[in-house]
Amino acid sequence: MRTALLYAITLTLTAADWPQLRGPGGAGLCPGCPALPTHFSPTQNVLWKTALPPGKSSPIIVSGRILLTAAQGDDLLTICLEQSSGRELWRRALRSPKREAQHSLNHRATPTPSSDGKNVYVFFADFGLLAYTLDGQPLWQLPLGPFNSQHGIVASPLYADGKLILVADQDTDAYILAVHAHSGKTAWKVPRDVINGYATPLLYRPARGPVQVIAPGSYQLTAYSLDNGETLWFARGLTCQPKSAPVIAGDTLYFNGWTVGNDPGQQVDLPPFSTVIATADANKDGKLAQPELPAPWQPTGSWRAIDLDRDGFLNEREWTFFRTRRAARNGALAIRLGGSGDVTSTHLRWRYEKSLPDVPAPLVLNDVVFLIRSGGIATTLDAPSGRVLKQGRLTGALEDYYSSPVAAAGKVYIASEHGKVVVLSAAGDWEILAVNDFDSPIYATPALDEGRLYLRTENALYAIGSPR
């Protein structure tokens, strides 16, 4: 019965669908797409353009509809457009005056929706999870929070086999949650010993054993059983604030993690809490106030970033996370799948630590890993070995990048914060084919279907394609 149900759900997704962040499997690839335009602009090769309220979520495509989120005033919006024309089919507003703390680059509508082909599931940190039919009929709501995150919860929900997965990494009481997609009722909820993180999880279906949910977190990447949330394996060696999304190609998982202060040579070996408390706790209250810490032990950033419970002092947990953070190293990792328990030393295929992206996820295509760093630096690595194939500047777009690259028909598309869309040849020895200027900020990752690229700017969604 369960097999038949899952088969029926699978049939509701078509080959042209792009049902989650970065599309099928979170890979950012459209293998069957015909050639897309190389040159385009707000007036060139535009099939349609639809004005949108503010938001930074990426568009998804399901059954001829495009779905995304936005926010205006106190309204949290879910919007559905007709894929062929860009015409708005419906929008649903949820009034939520609550405001979660967030970074200036974050937004109330940053997480990307997810779909099973019949319904759409959205997450707003200012409210929680919501579900609608593709015709806009409300199904259920699940209020969540408030959250204690330095920059705001931004991980997108992930649909998998009748469950909706949400990673809520925050400075206290972090967790990963699975709810039944048909009802919003909790299937399982597992605590995570992490601090603020911003990475969307990924689904992995091994040939044998349970389906896995792979979730990057502070200093560790963890795989959970989709059935019950049991930890199946983990790999250490991540930075403290993972923002990128993992990707699977073949039998290997690729992930990039970067945090300020964790490049090679920036590591600091801080003493354990017992030593610090014995040395610096002047009033002997068992906790540390900022004036008590000697200069070499002070944080390089704000005190708030390490005072995880925001009480003005550091306890042992907070110091341990701070100590681990100062010793951590940024890195792009390739991890062989199929292990159990701690696979750090047994399944790490390679690690690369130079010129890494902050937010954009890796793109893996034809045994080539594409990495896009802020400042407009593109690096390609040989996927089996991690060897550098090429590194160079994206001339004409030397700016910051928050959107992840996508690829189709031999081309890689990369959108910058300032609205430049760079098109590269999809090869290890890549070349710049075009730099297309939209003169409007872009944070969302583009969506692809058969012959079209859907690009969300600050105030509009564009359908890019060759007129027929």
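Scoring rules and cut-offs
Residues numbered from 1 in each chain as written. Predicted model: local features only at pLDDT ≥ 70, side-chain atom pairs only at ≥ 80, totals over all residues. Heavy atoms only, no water. Pairing = 2+ DSSP bridges. Helix = DSSP H or I, 4+ residues; strand = E, 2+ residues; numbered from the N terminus. Axes fitted to C-alpha atoms, helices over the stretch in contact; angles between N-to-C directions. 1 Å grid on protein atoms, 1.4 Å probe; cavity = no way out; pocket = protein on both sides within 12 Å on 5 of 7 lines; lining within 4 Å. Points joined across faces, edges and corners; volume = space filled by probe spheres on them. Nonpolar A, V, L, I, M, F, W, Y, C, P; charged D, E, K, R; others polar. Buried < 20%, exposed > 50% of the residue type's maximum accessible area, 1.4 Å probe, protein only. Phe/Tyr/Trp six-rings, centres within 6.5 Å; stacked < 30°, edge-to-face > 60°. Core = buried A, V, L, I, M, F, W, Y, C linked by side-chain atoms within 4.5 Å. Salt bridge = Lys/Arg side-chain N within 4 Å of Asp/Glu carboxyl O. Polar contact = N/O pair within 3.5 Å; in protein donor to acceptor, adjacent residues only side chain to side chain. Contact = heavy atoms within 4.5 Å. Expected span 1.5 Å × (residues − 1). Arc of directions from axis to C-beta.

## Digging into the sheet that holds strand S28 (residues 388–393)
Item 1. Reading across from one edge, S25-S26-S27-S28 is the order of the 4 strands in this open sheet, with antiparallel pairing throughout. Edge positions in the open sheet fall to strand S25 (363–365) and S28, since each of these has one partner strand only. Between one strand axis and the next, the sheet turns by 15° as a mean value, whatever way the strands run.
Item 2. One ladder, built from 3 bridges, connects S25 with strand S26 (residues 368–373); its direction is antiparallel. Residue pairing in the sheet places Val364 in a bridge with Val369 of S26.

## Some points on the layout of surface pockets
Item 1. By volume, the largest pocket amounts to about 1,000 Å³.
Item 2. Together, 42 residues line the largest pocket, and Tyr198, Lys243, Asp358, Val359 and Tyr402 are the ones closest to its centre.
Item 3. For the lining of the largest pocket, the per-class residue count stands at 17 nonpolar, 20 polar and 5 charged.

## A word on the sheet that holds strand S5 (residues 88–95)
Backbone-to-backbone hydrogen bonds pair the strands of a sheet. The strands run either parallel or antiparallel.
Item 1. Read from one edge to the other, the open sheet built from 4 strands follows the order S2-S3-S4-S5, with strand pairing classed as antiparallel. The open sheet has two edge strands with one neighbour each: strand S2 (60–62) and S5. Neighbour to neighbour, the strand axes of the sheet diverge by 25° on average, direction disregarded.

## With respect to the pairing of strand S4 (residues 75–82)
Here is the key point about a regular strand: its side chains alternate between the two faces of the sheet.
Item 1. Of all 8 residues in S4, 7 are buried, a share of seventy percent or more.
Item 2. Across 8 bridges, strand S3 (residues 65–72) lies against S4 in antiparallel orientation. When the sheet's bridge partners are listed, Gln72 is paired in S4 with Asp75.
Item 3. Of the pairings in the sheet, the one linking S4 to S5 comprises 7 bridges and is antiparallel in character. Note on S5: the bridge partner recorded for Ile79 is Arg91.
Item 4. Linking S4 to S5, which pair antiparallel, is a turn of 5 residues; within it Gly86 sits at a positive phi near 85°.

## Overview of the packing of aromatic side chains
Item 1. Within the structure shown, the criterion is met by 13 aromatic pairs.
Item 2. Look at Phe40 and Phe438: their rings are 6.0 Å apart centre to centre, the planes differ by 55°, and that puts the pair in the tilted class. Taken together, the residues span a long stretch of sequence, with Phe40 in the loop between helix H1 (2–11) and strand S1 (46–51) and Phe438 in the loop between strand S32 (432–437) and strand S33 (447–449) at a distance of 398 residues.
Item 3. Overall, Phe40 belongs to the buried group, its relative accessible area being 2%.

## Things to note about the nonpolar core
Soluble globular proteins: nonpolar side chains tend toward being buried together.
Item 1. Ranked by internal contacts, the top residues of the largest apolar core, which has 33 residues, are Leu448, Tyr454, Leu455 and Leu461.
Item 2. Of all the secondary structure elements, the ones that give two or more residues to this core are S3, S4, strand S29 (406–408), strand S30 (411–415), strand S31 (420–425), S33, strand S34 (452–456) and strand S35 (460–464).
Item 3. For this core, the element with the most residues is S35, which contributes 5 residues.
Item 4. Counting residues in hydrophobic clusters, the runner-up holds 18 residues, among them Trp140, Leu144, Tyr175 and Leu177.

## Focus on the pattern of salt bridges
Item 1. The full count for this structure, using the stated rule, is 19 salt bridges.
Item 2. Between Arg351 and Glu353 there is a salt bridge, with the nearest N and O atoms lying 2.7 Å from each other.
Item 3. Bridged by salt links that share partners, the residues Arg329, Arg351 and Glu353 form one connected network.

## Some thoughts on the side chain of Thr38
Item 1. Turning to its location among the elements, Thr38 is positioned in the loop between H1 and S1.
Item 2. Overall, Thr38 belongs to the buried group, its relative accessible area being 17%.
Item 3. One polar contact links Thr38 to Lys411, side chain to side chain, over a distance of 2.6 Å.
Item 4. Once residues within four sequence positions are removed from consideration, Thr38 is found in contact with Lys411, Val423, Leu433, Ala434 and Asn436.

## Some details on empty space enclosed by the protein
Item 1. Enumeration over the complete set of coordinates arrives at 5 cavities of 30 Å³ or more.
Item 2. Its volume calculated, the largest cavity comes out at about 90 Å³.
Item 3. Every residue lining the largest cavity is counted, 14 residues in all, and those nearest its centre are Gln20, Leu21, Gly26, Thr200 and Pro201.
Item 4. Across the lining of the largest cavity, the residue classes tally to 8 nonpolar, 5 polar and 1 charged.

## Section: helix H3 (residues 316–327)
Item 1. Along its 12 residues, H3 runs 17 Å from first to last C-alpha, staying within 8% of the 16 Å computed at 1.5 Å per residue.
Item 2. Of the positions making up H3, those classed as buried are Glu318, Trp319, Phe321, Phe322, Arg325 and Arg326. Axial view of H3: buried residues confined to an arc of 160°, hence all on one face.
Item 3. On its buried side, H3 packs onto helix H2 (273–280), strand S20 (288–289) and strand S21 (313–314).
Item 4. With a side-chain oxygen positioned 3.2 Å from the backbone nitrogen of Arg317, the residue opening H3 is Asn315.

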